[in-house]
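# Fold and contact review
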Amino acid sequence: MKRNEQLSNLNTTTEWDAIIIGGGASGLGAAVDASTRGYKTLLLEAHDFAKATSSRATKLLHGGVRYLAQGDIALVKEALRERGLLERNASHLAKKQVFVIPNYKWIDGPFYTIGLKFYDMLSKKLSLGKSRHINKQKTLEMLPTVEPKSLCGGVIYYDGQFDDSRLAVNLAQTAVENGGTVINYMKVIGLLKNDAGQICGVKAKDLINGNEYEIKGKAVFNATGVFTNEILNMNDPNHKKTVVPSQGIHLVLDKSFLPGDNALMIPKTSDGRVLFAVPWHNRLVVGTTDVLVEKPSLEPRALEKEIEFVLATAGQYLTKKPTRKDVLSIFAGQRPLAAPDKDGGSTKEVSRSHKILVSDSGLMSIIGGKWTTFRQMAEDFIDKAIELGKLPSKECKTVNLSIHGNVPASQVDRSKHNYIYGSDIPAIQKLEQENPDLAQKIHPNHNYTKAEIVWAVKEEMAEKVEDILARRVRLLFIDARAAIDCAEEVARIMAKELGHDADWVAKETEEFKTLAKGYLLVNY
Ligand SMILES: Cc1cc2nc3c(=O)[nH]c(=O)nc-3n(C[C@H](O)[C@H](O)[C@H](O)COP(=O)(O)OP(=O)(O)OC[C@H]3O[C@@H](n4cnc5c(N)ncnc54)[C@H](O)[C@@H]3O)c2cc1C
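Here the structure is a predicted model, which is why all the values come from computation and not from measurement. (Residues numbered from 1 in each chain as written. Predicted model: local features only at pLDDT ≥ 70, side-chain atom pairs only at ≥ 80, totals over all residues. Heavy atoms only, no water.)

## Things to note about the pairing of strand β14 (residues 283–287)
The condition is simple: Buried, partly exposed and exposed residues are distinguished by accessible area as a fraction of the type maximum, computed with a 1.4 Å probe on protein chains only: under 20%, between the cut-offs, and over 50%, respectively. Only runs of H or I of at least four residues qualify as helices and only runs of E of at least two qualify as strands under DSSP, and these elements are numbered from the N terminus. In this description, strands pair whenever DSSP reports at least two bridges between them.
Burial runs high along β14: 5 of the 5 residues are buried. A two-sided burial pattern is seen for β14, the buried positions comprising Arg283, Val285 and Gly287 on one face and Leu284 and Val286 on the other. Both strand β11 (residues 243–254) and β14 contribute to a ladder of 5 bridges, which runs antiparallel. In the sheet register, Leu251 faces β14, and the bridge partner there is Val286. Counting the residues that bridge the hairpin from strand β13 (residues 275–280) to β14 gives 2 residues, and of these His281 lies at a positive phi of roughly 45 degrees.

See the structure below:
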């Protein structure tokens with residue numbers, strides 16, 4: 001997947017079938033769906049793939065125990081099915097995760113066991129395992145650092161876990177392998193309309209070289225998440241606000257706060273929400289929150305009250321109490337929630353199911369949803385274009401579609417840091433064998449090698465240091481200080497591959513360091 005090759009497709013295609021705006025979970029899913037159906041597909045992403053919300057999830061593939069409690073059975077059923085499909089279609093990334101709910105009141109044992117049995121039932125043959133009640137001793141074995149005082153037992157259940165931005169890159173590759181074109185750093189700056197006022201394409205600007213394009217297309221899909229309103233504004237400056245951003249944060253801690261492979265789930269925090277502490281890439285991700293914010297942001301920052309809440313709640317359930325100085329990285333994301341029809345109400349009441357809106361001009365926008373359901377969302381999105389007569393009818397092909405990198409689950413060795421590359425592992429190892437310098441680590445405390453940087457530039461369209469350290473390897477998200485330490489080295493390796501000079505290295509390094517400081521809670 002090379003950017004210049006993708007760009008050259010713009011000059012050779014006069015009209016696309018499907019133009020998708022936005023390269024997060026929703027847009028990339030749509031690009032895979034449309035390209036595999038055989039439509040001439042173009043996806044334009046203003047920054048890097050998954051730069052916004054789609055790299056900032058809790059990394060769970062879940063039906064949503066919380067939505068079950070809210071009675072949203074249809075959403076839970078859909079998500080459980082999609083969870084199961086992804087375990088098959090991207091085995092290198094999606095895995096089964098054991099969760100334990102510690103019980104501090106005896107009634108919680110039977111209450112959560114019954115609820116989770118129902119959760120298992122809804123997933124039918126795609127179930128990942130049977131939920132069950134466990135006694136206090138077993139709970140302490142499974143969660144060695146859970147607060148033992150007043151603990152009466154626990155409930156085990158199973159859900160899925162994945163690497164969000166890695167899946168995004170693999171979806172982009174899958175779209176390209178099926179004939180689609182995907183371009184990052186290409187911002188849509190306007191919409192083209194025909195004499196009848198119908199959308200017939202987009203205006204876009206290449207943010208790397210400044211070139212502008214007018215691109216024609218039969219169907220235009222707006223998949224810009226929390227930025228949906230901006231595209232709707234281009235279509236009609238008087239449109240109703242349709243998306244409300246709701247922020248959630250995560251703190252990343254050392255594994256010593258919860259050793260082992262099991263995750264802790266706190267089903268009812270002091271503000272009535274859910275908090276997870278989940279092992280991920282050998283660290284512990286703790287979150288999240290749910291706070292309505294005024295404006296969408298590409299780099300949202302945690303609010304003080306969110307930080308205090310996560311630290312205090314984790315501290316209440318863990319024997320080792322985390323403090324600000326223990327935080328290896330902090331990241332915030334914004335959920336693109338469908339605005340409630342009436343004002344008011346809290347964000348936890350806003351449905352997480354997706355909606356597709358069609359403007360009078362024929363612009364289609366998808367809002368809401370979650371990573372887990374991206375495939376179904378994409379299918380519905382493309383089906384909508386068929387229903388509107390914008391695309392000829394063709395069947396969806398993604399239910400059993402293997403996503404780039406997929407290998408049989410039995411071949412995935414999660415004890416190695418590079419398991420996420422799946423079927424690409426041999427090619428990266430070959431780079432290391434051909435040039436032993438590329439087998440060197442980029443940071444002494446982490447296993448990422450220089451070959452992974454070269455690979456990301458050559459094959460995964462990484463253009464900036466941030467693309468590598470935040471989304472191709474996840475160093476910024478698991479250890480922001482280490483990411484700062486190796487930024488210059490990464491910039492130098494990239495510059496060699498991309499033909500950039502020393503000024504680029506200096507500018508990129510500084511830019512990345514400034515960004516990375518926002519992922520730290522104490523100065524560095
Ligand atoms: C804190 C948090 C935790 C979550 N945890 C989970 C979880 O564990 N499991 C789960 O299933 N879901 C989870 N979600 C939900 C999930 O992450 C989101 O539903 C999903 O990532 C949204 O993807 P998207 O493509 O709609 O939006 P985004 O990822 O935001 O993508 C939109 C893209 O559009 C681009 N764009 C904007 N304007 C333009 C333009 N003019 N031209 C071109 N491109 C443009 C942006 O740069 C961006 O990349 C979580 C969400 C949050 C906030």
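## Describing the side chain of Thr398
Defined as follows: We call two N or O atoms a polar contact when they sit within 3.5 Å, provided that within protein one can donate a hydrogen and the other can accept it, with sequence-adjacent residues counted only if both atoms are side-chain atoms. Two residues qualify as a contact provided that any one of their heavy atoms is within 4.5 Å of a heavy atom in the partner residue.
Counting through the fold element by element, Thr398 comes out in the loop between α10 (374–387) and α11 (425–434). Only 3.0 Å separates the side chain of Thr398 from the side chain of Arg375, close enough to count as a polar contact. Not counting residues within four places of it along the chain, the set of residues in contact with Thr398 comprises Val32, Asp33, Thr36, Asn89 and Arg375.

## Re the packing of helix α12 (residues 450–459) against helix α15 (residues 480–498)
Keep this limit in mind: The axes are straight lines fitted to the C-alpha atoms, using for helices just the contacting stretch, and the angles between their N-to-C directions are given from 0 to 180°. Any angle from 65 to 115 degrees is called roughly perpendicular, while one under 35 is roughly parallel, one over 145 is roughly antiparallel, and all others are oblique. Whether a crossing is left-handed or right-handed is set by the direction in which the near helix is turned from the far one by less than a right angle, anticlockwise for left-handed and clockwise for right-handed. Each residue gets one label: Ala, Val, Leu, Ile, Met, Phe, Trp, Tyr, Cys and Pro are nonpolar, Asp, Glu, Lys and Arg are charged, and the others, such as Gly, are polar.
In contact at an axis separation of 10 Å, α12 and α15 are set at 45 degrees when each is read in the N-to-C sense. As judged from the angle between their axes, α12 and α15 are oblique. The two elements α12 and α15 cross, and the hand of that crossing is right-handed. Contacts from Lys450, Ile453, Val454, Val457 and Lys458 in α12 reach Glu489, Val490, Ile493, Met494, Glu497 and Leu498 in α15. Here the contact of α12 with α15 is composed, by residue class, of 7 nonpolar, no polar and 4 charged.

## Some remarks on empty space enclosed by the protein
Counted only if it meets this: Points on a 1 Å grid, built from protein atoms alone, make a cavity when a 1.4 Å probe fits but cannot get out and make a pocket when they are open with protein on both sides within 12 Å along at least 5 of 7 lines; residues with an atom within 4 Å of a point are the lining residues. Grid points are joined across faces, edges and corners, and a volume is the space filled by probe spheres set on the points.
Evaluation of the coordinates by the stated rule reveals 1 cavity of 30 Å³ or more. Here the largest cavity defines a volume of roughly 90 Å³. Gly29, Val32, Glu82, Leu85, Leu86, Asn89, Leu171, Phe374, Arg375, Thr398, Leu401 and Ile403 are the residues that line the largest cavity. Residue assignment for the lining of the largest cavity shows that the elements contributing at least two residues are α2 (25–37), α4 (73–89) and α10. Looking at the lining of the largest cavity residue by residue, the classes come out as 7 nonpolar, 3 polar and 2 charged.

## Digging into the site of the ligand
Filter applied, for reference: The criterion for a residue being near a molecule or strand is simple. One of its heavy atoms has to lie within 4 Å of it. Accessible areas in this description were obtained via Shrake-Rupley with a 1.4 Å probe; residue shielding takes into account the shown protein chains only.
Lining the immediate surroundings of the ligand are 37 residues, of which Ser26, Glu45, Ser54, Leu60 and Thr372 lie closest. Within the backbone of Ala46, a nitrogen or oxygen atom sits 3.0 Å from a nitrogen atom of the ligand. At a separation of 2.5 Å, an oxygen atom of the ligand approaches a polar side-chain atom of Ser54. About the coverage of the ligand: the protein hides 96% of its 1000 Å² of free accessible area. Every element with two or more residues in the shell around the ligand is listed here: α2, β8 (186–193), β11 and β16 (329–338). Residue composition of the shell around the ligand, grouped by class: 13 nonpolar, 18 polar and 6 charged.

## Points about the packing of α4 against α10
α10 packs onto α4 with a crossing angle of 105 degrees between their chain directions and a minimal axis gap of 8 Å. Compared by their axis directions, α4 and α10 come out roughly perpendicular. Seen from α4, the contacting residues are Glu78, Arg81, Glu82, Leu85 and Leu86; seen from α10, they are Phe374, Arg375 and Gln376. Tallied by class, the residues present in the contact of α4 with α10 amount to 3 nonpolar, 1 polar and 4 charged.

## Focus on the environment of Ser35
Residue position: Ser35 is located in helix α2. Judged by its relative accessible area of 4%, Ser35 is buried. Linking Ser35 and Pro148, residues 113 residues apart in sequence, is a C-alpha distance of 53 Å. When neighbours within four sequence positions are excluded, Ser35 is seen to be in contact with Thr41, Ala175, Asn178 and Gly180.

## Concerning α12
Counting buried positions along α12 yields 8 of 10 residues, so the element is predominantly enclosed. When α12 is considered as a whole, its buried residues turn out to be Lys450, Ala451, Glu452, Ile453, Val454, Trp455, Ala456 and Val457. Immediately downstream of α12, the backbone of Met461 shows phi near 60 degrees, a positive value.

## Observations regarding unusual backbone geometry
The peptide bond linking Gly287 to Thr288 adopts the cis configuration, its omega dihedral lying at 20 degrees. Phi angles above zero are rare outside glycine, and Tyr185 is one such case at about 55 degrees. Within the element layout of this structure, Tyr185 appears in the loop between β7 (181–183) and β8. The class of Tyr185 is buried, set by a relative accessible area of 8%. Positive phi, close to 60 degrees, is recorded for Met461, a residue that is not glycine. Looking at where Met461 falls in the secondary structure, it is placed in the loop between α12 and α13 (465–472).

## So, the pairing of strand β6 (residues 153–161)
Both faces of the sheet carry side chains from a regular strand, because those side chains alternate between them. The buried count for β6 comes to 9 of 9 residues, which makes it a mostly enclosed element. Alternating positions in β6 separate into two faces, Gly153, Val155, Tyr157, Asp159 and Gln161 on one and Gly154, Ile156, Tyr158 and Gly160 on the other, with burial throughout. In terms of strand pairing, strand β3 (residues 60–61) meets β6 through 2 bridges, oriented antiparallel. Residue Leu61 lies in a different strand from β6, and its bridge partner there is Gly160. Strand direction decides the pairing type here: strand β4 (residues 95–103) and β6, joined by 9 bridges, are antiparallel. Within the sheet, the bridge partner assigned to Pro102 lies in β6 and is Gly154. Of the pairings in the sheet, the one linking strand β5 (residues 132–135) to β6 comprises 4 bridges and is antiparallel in character. Considered in β6, the bridge of Asn135 is made with Gly153.

## Some thoughts on the pattern of salt bridges
Short version of the rule: Any Lys or Arg side-chain nitrogen located within 4 Å of an Asp or Glu carboxyl oxygen qualifies as a salt bridge.
All told, the structure shown has 37 salt bridges when counted by the stated rule. Measuring nitrogen to oxygen at the nearest pair gives 2.8 Å for the salt bridge that ties Arg472 to Asp48. Here Asp48 lies in the loop between β2 (41–44) and β3 and Arg472 lies in helix α13, a separation of 424 residues in the sequence. Given a relative accessible area of 2%, Arg472 falls into the buried group.

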